[in-house]
Amino acid sequence: MDSILLRYSPNSTLVHQNGAVSFSTGRTTACTTTTLPFKSTFFCNKTLSREKTRFRPGPVHFSAANSTSASCHTFDVVIIGAGIIGLTIARQFLFGSDLSVAVVDKALPCSGATGAGQGYIWMIHKTPGSEKWDLAMRSHKLWKKFAESVRDQCLDPLQVLGWKKTGSLLIGRNPEELVLLQEMVKQLCEAGLRAEYLPGSDLLQKEPELMIGEHSGAAFLPDDCQLDARHTAAYIEKVNRDFASKGRYAEFFHDPVKCLLRSHSSGEVEAVQTSKNTLYCKKAVVVAAGCWSGSLMHDLFRETDIVLDVPVKPRKGHLLVLENFNPLKLNHGTMEVGYTYHHNLTMHPGRQENGQMLSISMGATTDMTGNLVLGSSRQFAGFDTEVDESIIDGIWLRAAEFFPKLRDFSLTDLRSRKVRIGLRPYMPDGKPVIGPVPSLSNVFLATGHEGEGLSLALGTAEMVADMVLQNPLKVDGAPFAVQGRCC
């Protein structure tokens, strides 16, 4: 006997109560387990159990918070990670197929890099013709359609998503940067985008608070937008939950993944084992765990003959949020040219911080409630998420070089401030990893977007779903293929 069938009611209803997640049906299944002596291959030292089923009225709870023993559930697709990538992949399956989907996360949605960003849906710092260009363009188009779909429901995208068409300014302050900006504008225009180069005088009209020197200028994309990642993720999760009443969606939060269960006969992954649940997957497992994806995959495949090259690692970033900061008003999202050098820290003047190369670049915008959001920093500090006040000071001082009005204030005197810390999933080649794992055709990766997870999310979700469903791809997936082999 090589496989186990676990029953899941298609007529169940998802219920949230006090943090618990349950399925309520007129006739629900509760399972106890009995060990079976059959052969199967595992990604952890566990004995696979088969359920003995009995029926009883009332809901069956399977949230980690309320479960006292492992529960078993079956879905078509199991997604590991509830950031913007995982949630949008779930949405794509729900709207683009009839498959059932489960999303599992060790914490809560938007608790990683997604919730800590500035929310840019920008094309201004993308390079036409690069390997990520088509994915960026596709995602940008899909985000605009997504905002329109919200408006079509008689909802305000600003209130629901934090969606704003701010336009973007990429600012240069020396002759070399101005030449670069003019070339960038030319390329963006040739690629079909509305783009304009602004000399210093025109730039000052767009943003009167900017410090304009002898060699100042900017690339301007009037159609660039931004959104609030937390509001957007919450809305997507709410929409996903509408499919729970049809038995097609469930969430398992505060429930870390422990291992994968692999079929002895087919070699495919059959289930995801979490701390409290066994989630069987009939179609695919998608790992979209951000910067944790690399270490997670290493742990999951440790006892197998599969060798993966997924060198994703965390890249820590700080953002400073000043609430109700009225002295500085911005008309657009702004960013310095140095931000585009961030992938290789040695290309941008930085400093050593406790032996780590640190990069700080100016990025400034206002969010949906009018708060001033300043960034940003980049450093390799492992999985540390503690606030470093010296970096916050550096962000403030860097912003003040562009906006002199900030020099009238001491950061220590500003009480209404918040700091966001995020761990971006960094890949050495600067490209995300999207696609099936070699030798495991039903396991897919979607990670390594670093600071572009939000902007590339919808295109990534579409690509993953098309791969699983074997639909023609709208964007070439070859540049993002998973590198690995079976020894």
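Our structure is the block above this text.
In what follows, the accompanying structure is described. (Residues numbered from 1 in each chain as written. Predicted model: local features only at pLDDT ≥ 70, side-chain atom pairs only at ≥ 80, totals over all residues. Heavy atoms only, no water.)

### Re unusual backbone geometry
To keep things clear, this is the line we draw: Runs of H or I in DSSP of at least four residues are treated as helices and runs of E of at least two as strands, each being numbered from the N terminus. The classification of residues rests on relative accessible area computed with a 1.4 Å probe and restricted to protein chains. Under 20% of the type maximum is buried, over 50% is exposed, and intermediate values are partly exposed.
Residue Gly 375 is joined to Ser 376 through a cis peptide bond whose omega torsion reads -10 degrees. Here Ser 376 lies in strand β23 (residues 372-379). Here Cys 154, not a glycine, exhibits a phi torsion of approximately 65 degrees, which is positive. Positive phi is not limited to glycine here, since Asn 324 has a value of about 55 degrees. Considering the arrangement of structural elements, one finds Asn 324 in the loop between β19 (313-322) and β20 (333-336). Classification of Asn 324 by relative accessible area gives exposed; the value is 58%.

### So, the environment of Arg 424
What counts, and what does not: By definition, residues are in contact when any of their heavy atoms lie within 4.5 Å. The term polar contact refers here to a pair of N or O atoms within 3.5 Å; inside protein, the definition further demands a hydrogen-donor-capable atom paired with an acceptor-capable atom, and it admits residues adjacent in sequence only when both atoms are side-chain atoms.
Assignment of secondary structure puts Arg 424 in strand β24 (residues 417-426). Taking C-alpha positions, Arg 424 is 8.9 Å from Glu 452, a pair spaced 28 residues apart along the chain. Not counting chain neighbours up to four residues away, the residues in contact with Arg 424 comprise Ala 113, Cys 291, Lys 313, Pro 314, Arg 315, Lys 316, Gly 317, Ser 376, Ser 377, Arg 378, Glu 450 and Gly 451. Within the structure, Arg 424 has its side chain in polar contact with the backbone oxygen of Ser 377 (distance 3.1 Å).

### Regarding helix α4 (residues 175-190)
Selection rule: To estimate how far a helix should reach, multiply one less than its number of residues by 1.5 Å. An arc is given here, and it is the one of the directions from the helix axis to the C-beta atoms.
Taking 1.5 Å as the rise per residue, α4 with 16 residues should run 22 Å; its terminal C-alpha atoms sit 23 Å apart, in good agreement. Glu 177, Leu 178, Leu 181, Met 184, Val 185 and Leu 188 are the residues of α4 that are buried. Here the buried residues of α4 occupy an arc of 120 degrees about the axis, which is enough to place them on one side. The exposed residues of α4 that point more than 90 degrees off its buried face are Glu 176, Val 179 and Glu 190. The inward-facing, buried residues of α4 abut α2 (133-152), β10 (168-172), β11 (196-199) and β12 (217-221). Positive phi shows up at Gly 192, right after α4, with a value of about 100 degrees.

### Quick look at the pattern of salt bridges
The following threshold applies: Put simply, a salt bridge is a Lys or Arg side-chain nitrogen that is within 4 Å of an Asp or Glu carboxyl oxygen.
Inspection of the entire model under this criterion finds 20 salt bridges. Close ionic contact of Glu 148 with Arg 151 constitutes a salt bridge, the shortest N to O distance being 2.6 Å. One end of the pair, Glu 148, and the other, Arg 151, are both in helix α2, three residues apart, so they sit about a helical turn from each other. Among the residues examined, Glu 148 registers a relative accessible area of 40% and is labelled partly exposed. Of the charged contacts, one joins Lys 418 and Glu 323 as a salt bridge, the two residues approaching to 3.2 Å between their closest N and O atoms. Here Glu 323 lies in the loop between β19 and β20 and Lys 418 lies in strand β24, a separation of 95 residues in the sequence.

### Regarding the packing of aromatic side chains
Each pair of aromatic rings is reported with the distance of its centres and the angle of its planes. Quick note on the threshold: Working definition: a ring pair exists when centres of Phe, Tyr or Trp rings (six-membered ring for Trp) sit within 6.5 Å. Plane angles under 30 degrees give stacked, over 60 give edge-to-face, the rest tilted. In our convention, an over-ring charge means Lys NZ or Arg CZ found within 6 Å of a ring centre and within 35 degrees of that ring's normal.
Counted by the stated rule, this structure contains nine aromatic pairs. Centre to centre, the rings of Phe 75 and Phe 252 are 6.0 Å apart; their planes meet at 80 degrees, and the pair counts as edge-to-face. Of this pair, Phe 75 sits in strand β7 (residues 71-80) while Phe 252 sits in strand β14 (residues 249-252); the two residues are 177 residues apart in sequence, bridging distant segments of the chain. Ring centres of Trp 143 and Phe 146 lie 5.6 Å apart, and the angle between their planes is 90 degrees; on these two criteria the pair is classed as edge-to-face. Residue Trp 143 and its partner Phe 146 are both found in helix α2; the two are separated by three residues, about one turn of the helix. Using a relative accessible area of 0% as the deciding quantity, one classes Trp 143 as buried. In this structure, Arg 91 is placed above the aromatic ring of Phe 95, and the distance from its NZ or CZ to the ring centre is 5.3 Å. Over the face of the ring belonging to Phe 380 we find Lys 313, whose NZ or CZ atom lies 4.4 Å from the ring centre.

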